[in-house]
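Structural overview for review
Here's the letter readout for the chains.
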Amino acid sequence: MSEFSHVRRIDVMRSKLFVPADRPALFPKAMASAADAICFDLEDSVLPAQKAKARDLLQEFLASEFHTRKVILVRVNQVRSADFAEDISVAVSPRVAVVALPKLQDPWEIRDTTAALQALEKMRNIEIPIGILATIESARGLRLAASIAAADERVVGLQLGFADMFVSLGIRHDDAMAAHHVRLQLRFAAGEAGLPSYDSVFVNFKNEEGFMREADLARGLGFAGKSCIHPSQIAAANRMFSPSPEEIAAAMCCVDAARSAAAEGAAAFALDGCMIDLPLVRRAEHIIDVAAKIRLLEQSD
Ligand code: COA
Ligand code: MG
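Residues numbered from 1 in each chain as written. Chains lettered and ligands numbered in written order. Predicted model: local features only at pLDDT ≥ 70, side-chain atom pairs only at ≥ 80, totals over all residues. Heavy atoms only, no water.

Examining the overall build of the protein
Using the following cut-off: For helices the rule is a DSSP run of H or I covering at least 4 residues; for strands it is a run of E covering at least 2, with both sets numbered from the N terminus onward. Each radius of gyration reported is based on C-alpha atoms, and the globular scaling rule is 2.2 Å times the count of residues to the power 0.38. Each residue is placed in one exposure class: buried if its accessible area under a 1.4 Å probe, protein chains only, is under 20% of its type's maximum, exposed if it is over 50%, and partly exposed if it falls in between.
A tally of regular secondary structure across the protein gives 12 helices and 10 strands. For 301 residues, the compact-globule formula gives about 19 Å, and the C-alpha radius of gyration of the protein, at 20 Å, lands near that figure. For the protein, the C-alpha atoms occupy an extent of roughly 65 × 45 × 35 Å along the three principal directions. Counting across all 301 residues of the protein, residues that qualify as buried make up 50%.

Here it is in structure tokens:
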């Protein structure tokens, strides 16, 4: 068994709420929200002059007394930036499950981050390795996304960042074809490494319909969740990335039927006029597994 087999993996992350790390008034509100994950941001939502203060505030919060089942993430500044060393030092805490790396350009940035995490974890006697959420938000990052995803066992998923990517390329933010192309490419890259992918933020937080439309498109491409920038988006993300009662019932039916068919020596069988075989049974098992994890998470809240 590899030493990383127990990296802090993400079970469920339908909604991930961003909180600027220099706004401590938002911390308790975020923690009290229904978001599956909270991502404390040291990157683009914090002004350069505020970075040091943001690190101090976040460090203080992470050292405080709290209990949560939420996934706690810290988004640090770019691996090659001057802030990275101090950011990662704050992020390496028993409270933090995952470090979110922005604007990834190549797999070496993952390897360098792993080295930094390893050294800090060893120094602080942190036994469970911290995971890495790799954010793809540039042309180069997208081209190398599969190598980035496979660069290290610490990588727990690929996060899509439309804003940086589209702005830098002059692509209109509402170009649906471009968004579809990028989402699909990212999904394949993550899938090649057996990892989940997470959809970008939707900045117009008063437009719930627009958020739902994007989440629906992402879900249709197998994405596991979507970033939120405002508490008003959390319920929609949780709903959209949960299997519906009908999907769960159909999945259970499928698994039961597969069991009966196997007992009779058949891998392929008919159910409601459709042929079912292994990939569809695996998909049904996955839906049941996700539903169980969500139930567990919601019961414990
Ligand atoms: N986390 C926790 N609470 C939040 C929040 C967040 N990200 N965003 C807003 N809230 C709270 C507000 O404090 C307010 O609380 P109150 O009712 O107790 O006063 C309530 O939700 C409603 O907020 P609202 O007044 O509608 O928004 P705002 O003008 O205060 O903030 C943003 C709007 C966009 C500035 C803010 O939502 C935000 O900073 N989002 C995160 C940005 C970020 O991290 N970006 C980086 C990733 S792309
Ligand atoms: Mg970005």
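Structure's up, so let's keep going.
What about the nonpolar core?
What counts is decided by this rule: As used in this record, nonpolar core signifies buried Ala, Val, Leu, Ile, Met, Phe, Trp, Tyr and Cys residues forming a set joined through side-chain atoms within 4.5 Å.
Ile38, Phe40, Leu101, Ile110 and Leu158 are the most contacted members of the largest nonpolar core, which has 68 residues in total. Here this core gets six residues from one element, more than from any other, and that element is helix 8 (residues 176–192).

Some remarks on the pairing of strand 6 (residues 155–160)
Put simply, the test is: The rule for pairing is simple: two strands pair if DSSP sees at least two bridges between them.
Within strand 6, six of the six residues are buried, which leaves the element mostly enclosed by the surrounding structure. Here strand 6 runs beside strand 7 (residues 197–199); their pairing, made up of two bridges, is parallel. Residue pairing for strand 7: Leu158 is matched across the bridge by Ser197.

Focus on the site of ligand 1
What counts here: Each residue is tested against the molecule or strand, and it is near if at least one of its non-hydrogen atoms lies within 4 Å. Any pair of nitrogen or oxygen atoms within 3.5 Å is treated as a polar contact; in protein, a donor-acceptor pairing is required on top of that, and neighbouring residues in sequence qualify only through side-chain atoms on both sides. Throughout, the Shrake-Rupley method with a 1.4 Å probe supplies accessible areas, and for residues the shown protein chains are the sole cover considered. For this scheme, ten residues count as nonpolar: Ala, Val, Leu, Ile, Met, Phe, Trp, Tyr, Cys and Pro. Four count as charged, namely Asp, Glu, Lys and Arg, and the remainder, Gly too, count as polar.
Contacts to ligand 1 come from 16 residues, most closely from Phe18, Leu26, Lys29, Ile229 and His230. In the environment of ligand 1, a nitrogen atom lies 2.8 Å from a nitrogen or oxygen atom belonging to the backbone of Phe18. Ile229 places a polar main-chain atom, nitrogen or oxygen, 2.7 Å from a nitrogen atom of ligand 1. Starting from 890 Å² of accessible surface for ligand 1 in isolation, the protein chains cover 59%. Those elements that provide at least two residues to the shell around ligand 1 are strand 1 (15–20) and helix 1 (27–32). Tallying contributions element by element places strand 1 first for the shell around ligand 1, with four residues. In terms of residue class, the shell around ligand 1 is built from 10 nonpolar, two polar and four charged.

Focus on the packing of aromatic side chains
Quick reminder of the rule: When two rings of Phe, Tyr or Trp (its six-membered ring) have centres within 6.5 Å they constitute a pair, described as stacked for plane angles under 30 degrees, edge-to-face for angles over 60, and tilted for the intermediate range.
As enumerated under the stated definition, the model contains six aromatic pairs in all. Taken together, a centroid distance of 5.3 Å and an interplanar angle of 50° make the contact between Phe40 and Phe61 tilted. One end of the pair, Phe40, is in strand 2 (residues 37–41); the other, Phe61, is in helix 2 (residues 51–63), with 21 residues separating them in the sequence. With respect to burial, Phe40 and Phe61 carry one shared label: buried. Ring geometry for Phe202 against Phe211: centres 6.4 Å apart, planes inclined by 75°, an arrangement best described as edge-to-face. Since its relative accessible area comes to 14%, Phe202 is described here as buried. Put simply, the rings of Phe27, Phe40, Phe61 and Phe66 touch in pairs and so form one group of aromatic residues.

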